[in-house]
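# Structural description and commentary
Here is what each chain is made of, one letter per residue.
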Amino acid sequence: MNARDFDHWVESSLTAFEATLDSLVPTAAPAGLGDAMRYASLGGGKRLRPLLVLASCAAVQGDGFAAMRAACAVELIHAYSLVHDDMPCMDDDVLRRGKPTTHVQYGEAQAMLAGDAMQALAFEVLTPETGIAPALQARLCALLARSAGHDGMAGGQAIDLASVGRALDEATLRDMHRRKTGVLLQASVMMGAACGEASSQALAGLSAYGAALGLAFQVVDDILDVTQDSTVLGKTAGKDQDANKPTYVSVLGLDAARTLACELRGEARAALAATGLADTRLLDWLADSVVERHN
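Now for a description of the structure that goes with this document. (Residues numbered from 1 in each chain as written. Predicted model: local features only at pLDDT ≥ 70, side-chain atom pairs only at ≥ 80, totals over all residues. Heavy atoms only, no water.)

The next thing to look at is the overall build of the protein. Looking only at helices and strands, the protein features 15 helices and two strands. Oriented by its inertia axes, the alpha-carbon framework of the protein measures out at about 50 × 45 × 35 Å. Counting the 295 residues in the protein, one finds 51% classified as buried. Considering only contacts in the protein between residues 6 or more positions apart, those separated by 24 or more positions represent 74%. When the accessible surface of the protein is split by element, carbon and sulfur atoms take 53% of a total near 12600 Å². (Helix = DSSP H or I, 4+ residues; strand = E, 2+ residues; numbered from the N terminus. Buried < 20%, exposed > 50% of the residue type's maximum accessible area, 1.4 Å probe, protein only. Contact = heavy atoms within 4.5 Å. Areas by Shrake-Rupley, 256 points an atom, 1.4 Å probe, with all protein chains shown as cover.)

Here it is as structure tokens:
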């Protein structure tokens, strides 16, 4: 696979993904709630988590219908978390994906409800009446719930808020970001793998890949926060530094953070090689895109 093949896969996958997500997020929810949900979830973002689901499913030759549903579900969880994170009681931001944040556009109460509704919709998406076997529905729901809850994304955000103005060592910072960002990315990989048949060796390798990639994503995010401007990022640059939040750049320094991102990519690639799967090239290319991204 070359860069052109990978780009074609990304384009075709995202076209199908966007059409599916558009069909699943309601327009007719009461009192304009659907408008806020669609504003927050459609037409923007890197869509890394859905791509990880679909690439992992391809690696195990899994069920495409189930994987697409899982891709939509994980993106709904991610989108709801952004809505809540941007609110004044959390990170208090006004720009997301190059446009006003949901609470700026629709008000705080509607934004809170939109996030709540997207979280619920994610699990509705994973449990259709037909098309996904009940055992697989349960497995996908468990993976997503555990990654989003107290031991994952929500727990990491709680640590993040409690760490403002505090000096953290690298181990504590790593644990915070493993929960806040990494676990949902790792779950995306494992949800894709759950849609097919994979050996314990393959699952262990994919899990290690997801863990390394999840941390690499956050390290690069911290780097971009201090090296790019808001027009490139689509969100407020320098926000963490201004809020006196600990980041990989503030703890390690810029050069060491860049080195760590490359080391984590190496760990991700080694984990893929250990899966024993015949073709993990899509996942390998996604690791490159995470470390080499500019926004």
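A few words now on the layout of surface pockets. A volume near 220 Å³ is recorded for the second largest pocket. Every element with two or more residues in the lining of the second largest pocket is listed here: α1 (3-24), α3 (48-59) and α15 (281-291). Here the lining of the second largest pocket is built from residues that sort into eight nonpolar, three polar and two charged. (1 Å grid on protein atoms, 1.4 Å probe; cavity = no way out; pocket = protein on both sides within 12 Å on 5 of 7 lines; lining within 4 Å. Points joined across faces, edges and corners; volume = space filled by probe spheres on them. Nonpolar A, V, L, I, M, F, W, Y, C, P; charged D, E, K, R; others polar.)

Take the pattern of salt bridges next. A side chain with one charge may pair with a side chain of the opposite charge, provided their charged atoms come close. Summed over all chains, the structure comprises 18 salt bridges. Among the salt bridges present, the one from Asp 22 reaches Arg 38, with a minimum N-O distance of 2.5 Å. With Asp 22 in helix α1 and Arg 38 in helix α2 (residues 33-41), this residue pair connects regions lying 16 residues apart in the sequence. Here Arg 96 makes a salt bridge to Asp 86, at a shortest N to O gap of 2.8 Å. With Arg 96 in strand β1 (residues 95-96) and Asp 86 in the loop between α4 (64-85) and β1, this pair connects stretches of sequence that are 10 residues apart. (Salt bridge = Lys/Arg side-chain N within 4 Å of Asp/Glu carboxyl O.)

The description of an aromatic ring pair uses the distance of the two centres, along with the angle that the planes make with each other. Taken as a whole and assessed by the stated rule, the structure comprises three aromatic pairs. Seen from their ring centres, Tyr 39 and Tyr 106 are 5.4 Å apart, and the 70° between their planes marks the pair as edge-to-face. Here Tyr 39 is found in helix α2, whereas its partner Tyr 106 is found in helix α5 (residues 102-106), with 67 residues between them in sequence. Given a relative accessible area of 31%, Tyr 106 falls into the partly exposed group. (Phe/Tyr/Trp six-rings, centres within 6.5 Å; stacked < 30°, edge-to-face > 60°.)

Time to look at empty space enclosed by the protein. On inspection of all chains with the given rule, the structure shows one cavity of 30 Å³ or more. What the largest cavity holds in volume is close to 100 Å³. Lining the largest cavity are Tyr 39, Ala 40, Ala 79, Leu 82, Val 83, Asp 86, Arg 96, Arg 97, Lys 99, Pro 100, Thr 101 and Thr 102. Looking at the lining of the largest cavity, the elements with two or more residues in it are α2, α4 and β2 (99-100). Across the lining of the largest cavity, the residue classes break down as six nonpolar, two polar and four charged.

This model, assessed by the stated rule, comprises zero disulfides. With no disulfide partner, Cys 57 has as its closest neighbouring cysteine sulfur the one in Cys 195, 5.1 Å distant. You can call Cys 195 buried: its relative accessible area is 7%. (Disulfide = S-S within 2.5 Å.)

Before going further, it helps to examine the nonpolar core. Leu 52, Leu 144 and Tyr 209 are the most contacted members of the largest nonpolar core, which totals 71 residues. Per-element accounting of this core gives the leading share, 13 residues, to α4. Residues contacting Tyr 209, with those up to four places away along its chain left out, are Leu 52, Val 189, Ala 268, Ala 271, Leu 272, Leu 283, Leu 286 and Ala 287. Listed in part, the 17 residues of the second largest apolar core include Ile 223, Tyr 248, Val 249 and Ala 257. (Core = buried A, V, L, I, M, F, W, Y, C linked by side-chain atoms within 4.5 Å.)

As a further point, take unusual backbone geometry. In this model, Gln 61 sits at a positive phi of 55°, which is unusual for a non-glycine residue. Within the secondary structure, Gln 61 is located in the loop between α3 and α4. Residue Gln 61 is classed as exposed on the basis of its relative accessible area of 73%.

Glancing now at the side chain of Thr 247. Residue position: Thr 247 is located in the loop between α12 (239-242) and α13 (248-252). In this structure Thr 247 comes out as buried when scored by relative accessible area, which is 8%. Aside from chain neighbours lying at most four places away, what touches Thr 247 is Leu 173, Asp 222 and Asp 240.

The description of two packed helices rests on the angle between their axes and on the distance between the axes. In contact at an axis separation of 6 Å, α3 and helix α9 (residues 170-194) are set at 30° when each is read in the N-to-C sense. Viewed along their axes, α3 and α9 form a crossing whose handedness is right-handed. Counted together, Leu 48, Arg 49, Leu 52, Val 53, Ser 56 and Cys 57 of α3 and Thr 181, Leu 184, Leu 185, Ser 188, Val 189, Gly 192 and Ala 193 of α9 form the full contact between these two elements. For the contact of α3 with α9, the class distribution of residues is eight nonpolar, four polar and one charged. (Axes fitted to C-alpha atoms, helices over the stretch in contact; angles between N-to-C directions. Left-handed = near helix turned anticlockwise from the far one by under 90°.)

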